[in-house]
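# Chains, contacts and geometry: an overview
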Amino acid sequence: MQNFHSESINRLFDAIKTLNTQEEFYAFFEDICTITELKDIAQRFDTAIMLDEGSNYQTISKQIGISTATIGRVSKCLNYGSGGYRLAIDRLKEKNNEA
């Protein structure tokens, strides 16, 4: 993966870490992203979850409304990327098991 680390991105991540409630997350991300960008990010994460659960590309495409090319990119990141999808999915699973 391309190294995109910078002081600006560090500052963005530091700002995100200060958010505490879902309402704060909504307010921040509605300001910083377009609604389309935010929905696209959510679709990619939903895709990663479905891939992790064993769903095939056609099922994911039909259910989420995302192209098979994008599913392929998400799959590549899930399996060979930096581990971000895996970390987030595993933590969500842990949280859901605690509930």
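Residues numbered from 1 in each chain as written. Predicted model: local features only at pLDDT ≥ 70, side-chain atom pairs only at ≥ 80, totals over all residues. Heavy atoms only, no water.

Before going further, it helps to spend a moment on the overall build of the protein chain. The secondary structure content of the protein chain amounts to six helices and zero strands. If you list the helices and strands of the protein chain from N to C, you get α-α-α-α-α-α. Each principal axis of the C-alpha atoms in the protein chain carries an extent, and together these give about 35 × 35 × 25 Å. Buried residues in the protein chain amount to 16% of all 99 residues. Within the protein chain, contacts between residues separated by at least 24 positions form 37% of all contacts whose residues are at least 6 apart in sequence. When the accessible surface of the protein chain is summed, it comes to about 7700 Å², and 52% of that surface belongs to carbon and sulfur atoms. (Helix = DSSP H or I, 4+ residues; strand = E, 2+ residues; numbered from the N terminus. Buried < 20%, exposed > 50% of the residue type's maximum accessible area, 1.4 Å probe, protein only. Contact = heavy atoms within 4.5 Å. Areas by Shrake-Rupley, 256 points an atom, 1.4 Å probe, with all protein chains shown as cover.)

Attention shifts here to the packing of aromatic side chains. Scanning the model with the defined rule gives three aromatic pairs in all. Both rings, one in Phe-25 and one in Phe-29, keep their centres 6.4 Å apart while their planes meet at 10°; by these two values the pair is stacked. Residue Phe-25 and its partner Phe-29 are both found in helix 2 (residues 22–32); the two are separated by four residues, about one turn of the helix. The exposure class assigned to Phe-29 is partly exposed, which follows from its relative accessible area of 23%. Seen in terms of ring centroids, Phe-45 and Tyr-85 are 6.5 Å apart; in terms of plane orientation they differ by 20°. Their pairing is stacked. Here Phe-45, found in helix 3 (residues 35–52), pairs with Tyr-85, found in helix 6 (residues 84–98); they are 40 residues apart in sequence, far enough to count as distant. Here the aromatic residues Phe-25, Phe-28 and Phe-29 are joined through ring pairs into a cluster of three or more. (Phe/Tyr/Trp six-rings, centres within 6.5 Å; stacked < 30°, edge-to-face > 60°.)

Of the residues flanking the start of helix 4 (residues 57–64), the one acting as N-cap is Asn-56, its side-chain oxygen 3.1 Å from the backbone nitrogen of Gln-58. Gly-65 occupies a position one or two residues after helix 4 and carries a positive phi of about 80°. (Polar contact = N/O pair within 3.5 Å; in protein donor to acceptor, adjacent residues only side chain to side chain.)

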